[in-house]
Amino acid sequence: MWPEKAPMEFIVDVARSLGFLSRIPVPSRFFEGDDGRMERTSGGFALAGIILSLLPALLLYALGHGHAPLLAATLATGILVLVTGGLHEDGLGDTMDGLGGGRDRERALAIMKDSRIGSYGALALVLSILARITALATLVTAGSPTLAALAMVATAGASRAAMVWHWRALPAAKPDGVAARVGVPSGRSLRTALATALILALLLLAPFLSLAVVAVAIFAGLFSTWLFTDMIRSRLGGHTGDTIGATQQVFEIVMLSTLALLI
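Description of the structure in this document. (Residues numbered from 1 in each chain as written. Predicted model: local features only at pLDDT ≥ 70, side-chain atom pairs only at ≥ 80, totals over all residues. Heavy atoms only, no water.)

1. Some thoughts on the overall build of the protein
- From N to C terminus, the protein includes 12 helices and zero strands.
- Sequence-ordered secondary structure for the protein, helices as α and strands as β, is α-α-α-α-α-α-α-α-α-α-α-α.
- Taken over C-alpha atoms, the radius of gyration comes to 18 Å for the protein, in line with the 18 Å a tight globule of 263 residues would show.
- With respect to the three principal axes, the spread of C-alpha positions in the protein is 50 × 45 × 35 Å.
- When each of the 263 residues of the protein is scored for burial, the buried share is 51%.
- Long-range pairs, those at least 24 residues apart, make up 79% of the contacts in the protein with a sequence separation of at least 6.
- Summed over all atoms, the accessible surface of the protein reaches about 11,700 Å², with 68% contributed by carbon and sulfur. (Helix = DSSP H or I, 4+ residues; strand = E, 2+ residues; numbered from the N terminus. Rg over C-alpha atoms; globule rule 2.2 N^0.38 Å. Buried < 20%, exposed > 50% of the residue type's maximum accessible area, 1.4 Å probe, protein only. Contact = heavy atoms within 4.5 Å. Areas by Shrake-Rupley, 256 points an atom, 1.4 Å probe, with all protein chains shown as cover.)

In structure tokens:
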């Protein structure tokens, strides 16, 4: 049954997820009795991703009807980064710095803990922004502003479900890290996040694209998540808050790029 929770419980999880994943103000009543643990709350990540992407997607839809699709995609991506506070971009930059500059596990984790950005992280962020902007602009021109906006929303939800999968698939790399302190998503939360993401992605994209194209794009995102998770397992032995955020970026880049290539 979807969602695999009581309706009110699921609403609370989504609200708490929004507070965790974005800078959207969430009423304090949703955090009464909250101990900061994410075992249950993470089940709301996918729907939270959908919600926080609505304003950027609306902007992309509105501006996409003009003659500057690249500018529309740039502004929409910029608004999305502002809404999330660059949370996932920060994770991508730190992770790439650690993997690129760390000779061993301990050195990689130490680099990731350093808030300063290095060349590997800077390059990863530039490529991430360019890939997403270009993919969205391509969807506007080769498809339509409506398709581009819906793809942005669907990918925002699916990529945050991928975070939950990466999070649960690996142990915490640092027992005293933030990711370890907030717990690991339960199996129920993982199923809820994945089901939410899949159902909403199909509902949003199937009217405009063939099921084969949608399936390939989702599979490409999942496969890239699996490859990234396997690499993190090999290099770091477990997840961190940074690798969880980087997972969202990897999935979003690959899914949007695949949709743009297949349109």
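2. So, the pattern of salt bridges
- This model, assessed by the stated rule, comprises eight salt bridges.
- Arg132 is the partner of Glu89 in a salt bridge, and the nearest nitrogen-oxygen pair spans 3.1 Å. Here the residue Glu89 occupies a position in helix α5 (residues 87–101), and Arg132 occupies one in helix α7 (residues 119–143), the gap between them amounting to 43 residues. The burial state of Glu89 is the same as that of Arg132; both residues are buried. (Salt bridge = Lys/Arg side-chain N within 4 Å of Asp/Glu carboxyl O.)

3. Some words on the nonpolar core
- Phe45, Leu60, Leu139, Met152, Leu205, Met255 and Leu259 are the most contacted members of the largest nonpolar core, which has 53 residues in total.
- Top contributing element to this core by residue count: helix α8 (residues 145–169), with 13 residues.
- For Leu259, the residues in contact, after removing those within four places along its chain, are Leu139, Ala151, Thr155, Leu205, Leu209, Val213 and Ala217.
- Formed by 13 residues, the second largest nonpolar core is a distinct cluster that contains Met112, Ala124, Ala173 and Leu236. (Core = buried A, V, L, I, M, F, W, Y, C linked by side-chain atoms within 4.5 Å.)

4. Considering helix α1 (residues 7–21)
- Under the 1.5 Å per step criterion, the end-to-end length of α1 is 21 Å for 15 residues, consistent within 8% with the ideal 21 Å.
- Of the surrounding elements, those touching the buried residues of α1 are α2 (45–52), α4 (69–84), α5, α8 and α10 (187–205). (Expected span 1.5 Å × (residues − 1).)

5. Examining the environment of Thr229
- Tracing the chain through its elements places Thr229 in helix α11 (residues 211–236).
- The class of Thr229 is buried, set by a relative accessible area of 1%.
- The sequence separation of Thr229 and Arg168 amounts to 61 residues, and the corresponding C-alpha distance is 10 Å.
- When neighbours within four sequence positions are excluded, Thr229 is seen to be in contact with Trp165, His166, Ala169 and Leu170.

6. Focus: the side chain of Thr77
- Looking at the secondary structure, you find Thr77 in helix α4.
- The exposure class assigned to Thr77 is buried, which follows from its relative accessible area of 4%.
- The residues contacting Thr77, other than those within four sequence positions of it, are Ile129, Arg132, Ile133, Leu136 and Met152.

7. Focus: a nonpolar patch on the surface
- Together, Phe219, Phe223, Trp226 and Leu227 line one region of the surface with nonpolar side chains, adding up to about 440 Å² of accessible area.
- Mapped onto the elements, Leu227 comes out in helix α11.
- The partly exposed category is assigned to Leu227, whose relative accessible area is 42%. (Patch = residues over 30% accessible without salt bridge, like charges linked within 9 Å, V, L, I, M, F, W, Y side chains within 5 Å.)

8. Section: the packing of α4 against α7
- Contact geometry of α4 with α7 gives a least axis separation of 8 Å together with a crossing angle of 130 degrees. By the angle class used here, α4 and α7 are oblique. For the element pair α4 and α7, the recorded crossing hand is right-handed. Along its contact with α4, which presents Pro69, Leu70, Ala73, Thr74, Thr77 and Val81, the element α7 presents Ile129, Arg132, Ile133, Leu136, Ala137, Val140 and Thr141.
- The residue makeup of the contact of α4 with α7, split by class, is nine nonpolar, three polar and one charged. (Axes fitted to C-alpha atoms, helices over the stretch in contact; angles between N-to-C directions. Parallel < 35°, antiparallel > 145°, perpendicular 65-115°, else oblique. Left-handed = near helix turned anticlockwise from the far one by under 90°. Nonpolar A, V, L, I, M, F, W, Y, C, P; charged D, E, K, R; others polar.)

9. A word on the side chain of Thr41
- With respect to the secondary-structure elements, Thr41 resides in the loop between α1 and α2.
- You can call Thr41 buried: its relative accessible area is 4%.
- Among residues more than four places away in sequence, those in contact with Thr41 are Asp13, Arg16 and Ser17.

10. Regarding the environment of Ile263
- Mapped onto the elements, Ile263 comes out in the segment after α12 (241–262).
- Expressed as a C-alpha distance, the spacing of Ile263 and Val213, which sit 50 residues apart in the sequence, is 8.0 Å.
- For Ile263, the residues in contact, after removing those within four places along its chain, are Leu139, Ala142, Gly143, Leu147 and Leu209.

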